[in-house]
Amino acid sequence: MTALFVLEIIGTIAFAVSGALVAIKAKLDLFGVVLLGCITAVGGGILRDIIIGAVPPAIFARFHIVLIAVVVSVVAFIVSYLNRHKFTAFRKKIEHINNLFDAVGLAAFSVMGTEIAFTSGLGDRIFLSITLGLLTGVGGGVIRDILVNDTPYILRKHVYALISIFGSALYYILRYNTGDATVSMIAPMLSIVILRILAAKYRWSLPKVHIDEEEK
């Protein structure tokens with residue numbers, strides 16, 4: 001079992017849970033929950049493959065990955081349905097669980113996306129490599145948020161995209177200089193998970209312009 005395959009499984013499970021929980025909070029039906037779980041899990045990879053010209057995207061030849069996302073989403077729906085009367089009381093707990101799974105998914109897919117650049121013979125292009133990491137890490141979440149009619153998370157909260165960029169860049173530097181994918185992924189993944197959790201806990205955000213539209 002290769003490191004890349006392990007990352008794909010971890011990221012798929014984590015992002016499927018994250019996407020399913022967002023769908024449940026948005027009061028979507030079972031199909032909507034499964035769709036958002038799958039889109040969150042595989043959407044970034046599809047965007048990545050289109051960028052590097054891998055058409056059709058690899059996910060369409062890897063049915064087991066989609067099946068994992070479907071099963072995980074259905075399980076999340078069933079657990080939430082069985083606890084629906086307590087859902088409001090456990091909303092904050094669900095948010096914490098979602099943040100944890102989202103952090104793990106972001107770490108796994110950011111590193112995986114950057115590694116794809118190396119396995120595709122594009123490892124000498126640092127900007128492209130980091131961009132592939134970013135797209136794989138946040139692309140599915142952007143599509144998810146658009147589908148629930150919400151402003152994409154990466155544009156408004158918790159320096160989300162910057163954490164993915166940082167982790168992808170750190171992985172690229174380590175991978176390029178050591179040549180070892182397995183060893184290189186440890187520090188970037190831990191960094192992304194820790195930073196993502198801290199950003200959510202302390203509500204780190206970039207500056208915004210708060211416009212007062214009322215005339216004085």
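Look a little higher up for the structure.
None of the values given here were measured: they were computed from a predicted structure.

Colleague: Describe a positive patch on the surface, listing the residues and the values that go with them.
Modeller: Residues Lys 25, Lys 92, Lys 157, Arg 203 and Lys 208 make up a contiguous surface patch of positive charge. Mapped onto the elements, Lys 92 comes out in helix H4 (residues 91-119). Classification of Lys 92 as exposed rests on a relative accessible area of 61%.

Colleague: Which residues make up a nonpolar patch on the surface, and what values go with them?
Modeller: Taken together, the side chains of Phe 63, Leu 67, Val 71, Val 75 and Val 79 make up a nonpolar region of the molecular surface, amounting to roughly 470 Å² of accessible area. Note on placement: Leu 67 falls in helix H3 (residues 63-82). Residue class for Leu 67 comes out partly exposed when judged on its relative accessible area of 42%.

Colleague: Lay out the nonpolar core in plain terms, naming residues and giving numbers.
Modeller: Core analysis: the biggest nonpolar cluster contains 41 residues, and Leu 7, Leu 106 and Met 189 have the highest contact counts within it. At 10 residues, helix H1 (residues 3-25) tops the list of elements feeding residues into this core. Excluding anything up to four places from it in sequence, Met 189 contacts Leu 7, Ala 107, Ala 108 and Val 111.

Colleague: Before we move on, could you go through the side chain of Glu 8 and cite the residues and values that matter?
Modeller: Note on placement: Glu 8 falls in helix H1. On the basis of relative accessible area, Glu 8 is assigned to the buried category, the value being 9%. Within the structure, Glu 8 has its side chain in polar contact with the side chain of Arg 62 (distance 2.5 Å). For Glu 8, the residues in contact, after removing those within four places along its chain, are Arg 62, Ile 65, Phe 109 and Met 112.

About the thresholds
- Residues numbered from 1 in each chain as written.
- Predicted model: local features only at pLDDT ≥ 70, side-chain atom pairs only at ≥ 80, totals over all residues.
- Heavy atoms only, no water.
- Patch = residues over 30% accessible without salt bridge, like charges linked within 9 Å, V, L, I, M, F, W, Y side chains within 5 Å.
- Areas by Shrake-Rupley, 256 points an atom, 1.4 Å probe, with all protein chains shown as cover.
- Salt bridge = Lys/Arg side-chain N within 4 Å of Asp/Glu carboxyl O.
- Lys, Arg positive; Asp, Glu negative; His and termini not counted.
- Charge placed at Lys NZ, Arg CZ, Asp CG, Glu CD.
- Helix = DSSP H or I, 4+ residues; strand = E, 2+ residues; numbered from the N terminus.
- Buried < 20%, exposed > 50% of the residue type's maximum accessible area, 1.4 Å probe, protein only.
- Core = buried A, V, L, I, M, F, W, Y, C linked by side-chain atoms within 4.5 Å.
- Contact = heavy atoms within 4.5 Å.
- Polar contact = N/O pair within 3.5 Å; in protein donor to acceptor, adjacent residues only side chain to side chain.

Everything listed here is a matter of coordinates, which is why it stays silent on function.
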